[in-house]
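If you want the building blocks of each chain, they are given just below.
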Amino acid sequence: DAGVTQSPTHLIKTRGQQVTLRCSPKSGHDTVSWYQQALGQGPQFIFQYYEEEERQRGNFPDRFSGHQFPNYSSELNVNALLLGDSALYLCASSPKGKAADTQYFGPGTRLTVL
Amino acid sequence: GESVGLHLPTLSVQEGDNSIINCAYSNSASDYFIWYKQESGKGPQFIIDIRSNMDKRQGQRVTVLLNKTVKHLSLQIAATQPGDSAVYFCAEKGMGPEGGSYIPTFGRGTSLIVHP
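Residues and elements named next belong to chain A. Taking burial as the measure, the seven residues of strand S4 (residues 31–37) include seven buried ones, the bulk of the element. Taking every second residue as pointing to the same face, both faces of S4 are buried, with Thr-31, Ser-33, Tyr-35 and Gln-37 on one and Val-32, Trp-34 and Gln-36 on the other. Summarising the sheet, S4 and strand S9 (residues 87–94) pair through seven bridges and their orientation is antiparallel. Its bridge partner being in S9, Thr-31 is matched across the sheet by Ser-94. Pairing of S4 with strand S5 (residues 44–50) involves five bridges; the strand directions are antiparallel. For Ser-33, the partnering residue across the bridge sits in S5 and is Gln-48.

Looking now at the layout of surface pockets. Size it by volume and the largest pocket reaches roughly 480 Å³. Forming the walls of the largest pocket are 24 residues, and the residues nearest its centre are Gln-37, Leu-39 and Arg-110 of chain A together with Gln-38 and Val-87 of chain B. When residues of the lining of the largest pocket are traced back to their parent elements, those giving at least two are strand S9 (86–94) and strand S11 (110–115) of chain B. Of all the elements, S9 of chain B adds the most residues to the lining of the largest pocket, at three residues.

Definitions and limits used
- Residues numbered from 1 in each chain as written.
- Chains lettered and ligands numbered in written order.
- Predicted model: local features only at pLDDT ≥ 70, side-chain atom pairs only at ≥ 80, totals over all residues.
- Heavy atoms only, no water.
- Buried < 20%, exposed > 50% of the residue type's maximum accessible area, 1.4 Å probe, protein only.
- Helix = DSSP H or I, 4+ residues; strand = E, 2+ residues; numbered from the N terminus.
- Pairing = 2+ DSSP bridges.
- 1 Å grid on protein atoms, 1.4 Å probe; cavity = no way out; pocket = protein on both sides within 12 Å on 5 of 7 lines; lining within 4 Å.
- Points joined across faces, edges and corners; volume = space filled by probe spheres on them.

As far as function goes, none of this settles anything; it's purely spatial.
Quick look at the structure:
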């Protein structure tokens with residue numbers, strides 16, 4: 001079992017561009033959550049998907065959007081990139097409705113906006 | 001909104017010593033807390049959790065203590081090893097959407113450095 005995988009591992013973009021990050025959940029997991037982790041900070045919740053719909057959203061602007069596919073994999077899209085969007089983007093998967101000890105994080109995608 | 005924070009940004013210990021990482025929380029209604037370990041280049045990894053109806057919980061080499069009176073949480077690591085070097089986060093776990101998974105609110109983190 002490969003666990004939670006994310007791609008790409010690193011990405012460099014310029015201001016105003018758009019980016020798509022990808023996540024494959026751990027086998028048997030149907031819920032995917034995305035987090036933004038700025039340098040030296042804890043992860044901040046962006047949104048959670050299950051059954052191919054956004055179910056809950058954190059305090060992030062509409063420039064952040066996502067999608068979940070029938071195979072439970074997910075994408076995070078960020079439009080009109082700002083310098084402040086530079087961060088590690090983490091994906092976490094879990095079985096629906098389960099608690100913390102069943103949630104697994106991926107290694108993240110490091111996004112740098114120049 | 002409510003916050004979860006840590007007292008110290010960095011803790012340095014010698015291999016074999018016991019480590020104590022502290023965390024303060026501000027939401028008195030919080031009833032579920034989790035400790036995570038994040039190694040360089042990896043995502044956070046669940047270590048141990050505790051519910052508010054408990055004041056202590058033990059795992060393998062780790063103990064979490066909860067003091068609801070002063071809204072304080074601590075993680076104790078016994079016989080600290082170089083492999084314990086990482087950033088440790090406490091998190092308050094809020095209820096997610098109906099049918100969905102819980103969503104943690106993370107604090108800033110404490111960097112634990114273990115010297116051989």
